[in-house]
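What follows is the residue order along each chain.
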Amino acid sequence: MKHNFGAGPGILPHEVLKQAAEGVVDFNGIGLSILEISHRSPEFEAVLAEAVKLVKELLNVPEGYSVLFLQGGASTQFALVPFNLLPQDGKAAYLETGVWANKALKEAKNFGNVEIIASSKADNFTYIPKDYTIPADASYFHITTNNTIYGTQLHEYPKSPVPMVADMSSDIFSHPINVADFGLIYAGAQKNMGPAGTTLVIVKNEILGKTGRTIPAMFDYPTQVEGGSMYNTPPVFAIYVSMLTLRWLKAKGGVEAIEKENKAKADALYVEIDRNPLFKAVCAKDDRSYMNVTFVCTNPEHEKAFLELCDEKDIVGVKGHRSVGGFRASIYNALPITSVHVLIDAMQEFAEKNK
Ligand code: PLP
């Protein structure tokens, strides 16, 4: 098996992949594939119900929130959030912490006014701005909790006077959160939850239906809530594998237990980056991500050789995003700490060779 540090789609637990493979051939011994059964069958209804229940249990979702499994990726939510929450004469506040936040706010501009209340763009998004005021007259305030490309993460969430909307695509289920602090949370599945193809949305029901706008059914959250994520044929396989991954997470002890593992993995890697003279981190120390660890070679001429060494050691997916360069080790929930130690050993071997 390779050591998969890929950013997205990210690594899934090996046992989940095996169960999913079985389900593709013969789902629960019923003589049909998960890909063949009707989404209205009791078998799939049970899968969806369990997936929703696991999300509620793992994140302690309070009453008054709906859990949806939609399609179109997080990028579709960039538009659906303002479509559903931002009246044409209203204003939305955005914290600009990376390319994904920027894409989200650009979509919102198609629906109403957007105020970027703070941005780290001028510093290539190497830190999370903390000095800002959230306008009390905004319809909502949008954050990206983990910036997958740059390797920064909000380790504390602001207290918002207006509904807070969070893109949690790359750190959902990696640590406990207080859902009640948010009006809406969304996340593409393909990092910590399952395969690409479904997007989790957790929304506080009372913030919906206030824009006075007519919204096409597929893009209308209340329609999706009413249809229980089954207004049309849902992404059956992606929901099935997400459910299996959430089961795996629950069996491991849930988000509290995985947070400890994630911190141990990230801490070990950052210690090596800070110690090893051939590498250095690029982001502000306080804002370093526990999910995507970014770093560069102190001598950029070494980068190619280090990637070759990684290749030899079956370490895959560590090349940095094309807009940032260097390296990015994504250490999502399913990546075992043994893989992190293989990477650390490779960094040490590389330092020895290049003394
Ligand atoms: N938001 C964040 C934080 C991401 O990391 C990504 C993809 O990596 C996206 C949004 C876009 O997600 P999707 O490809 O599901 O539209």
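Residues numbered from 1 in each chain as written. Predicted model: local features only at pLDDT ≥ 70, side-chain atom pairs only at ≥ 80, totals over all residues. Heavy atoms only, no water.

- Looking at an unreviewed UniProt entry, one finds the chain named Phosphoserine aminotransferase, with Mucilaginibacter ginkgonis as its source organism.
- On record in UniProt, under Function (unreviewed entry), the comment for the chain is "Catalyzes the reversible conversion of 3-phosphohydroxypyruvate to phosphoserine and of 3-hydroxy-2-oxo-4-phosphonooxybutanoate to phosphohydroxythreonine."
- Here the chain is described in UniProt, under the heading Subunit (unreviewed entry), as follows: "Homodimer." (UniProt positions renumbered as here; feature names shortened; annotations may be inferred.)

**A short note on the site of the ligand**
- The environment of the ligand is formed by 13 residues, the closest being S75, T148, D167, Q190 and K191.
- Interatomic distance of 2.6 Å between a side-chain N/O atom of S75 and an oxygen atom of the ligand.
- Within the contact set of the ligand, a nitrogen atom lies 2.6 Å away from a side-chain nitrogen or oxygen of D167.
- In isolation the ligand offers 390 Å² of accessible surface; the protein chains occlude 84% of this area.
- Ranked by residue count, the leading element in the shell around the ligand is helix α3 (residues 73–85), at 4 residues. (Near = heavy atom within 4 Å. Polar contact = N/O pair within 3.5 Å; in protein donor to acceptor, adjacent residues only side chain to side chain. Areas by Shrake-Rupley, 256 points an atom, 1.4 Å probe, with all protein chains shown as cover. Helix = DSSP H or I, 4+ residues; strand = E, 2+ residues; numbered from the N terminus.)

**Some details on the sheet that holds strand β12 (residues 292–297)**
- The sheet built from 3 strands is open, its strands ordered β11-β12-β14 with antiparallel pairing. In this open sheet, the two strands that pair with only one neighbour each are β11 (279–281) and β14 (327–330). Between one strand axis and the next, the sheet turns by 35° as a mean value, whatever way the strands run.
- In the sheet, β11 pairs with β12 via 3 bridges, with the strands oriented antiparallel. Counted as the bridge partner of K280 is V296 from β12.
- Along the sheet, helix α7 (residues 254–275) contacts β11, β12 and β14; its crossing angle with β12, the most-contacted strand, is approximately 15°. (Pairing = 2+ DSSP bridges. Axes fitted to C-alpha atoms, helices over the stretch in contact; angles between N-to-C directions. Contact = heavy atoms within 4.5 Å.)

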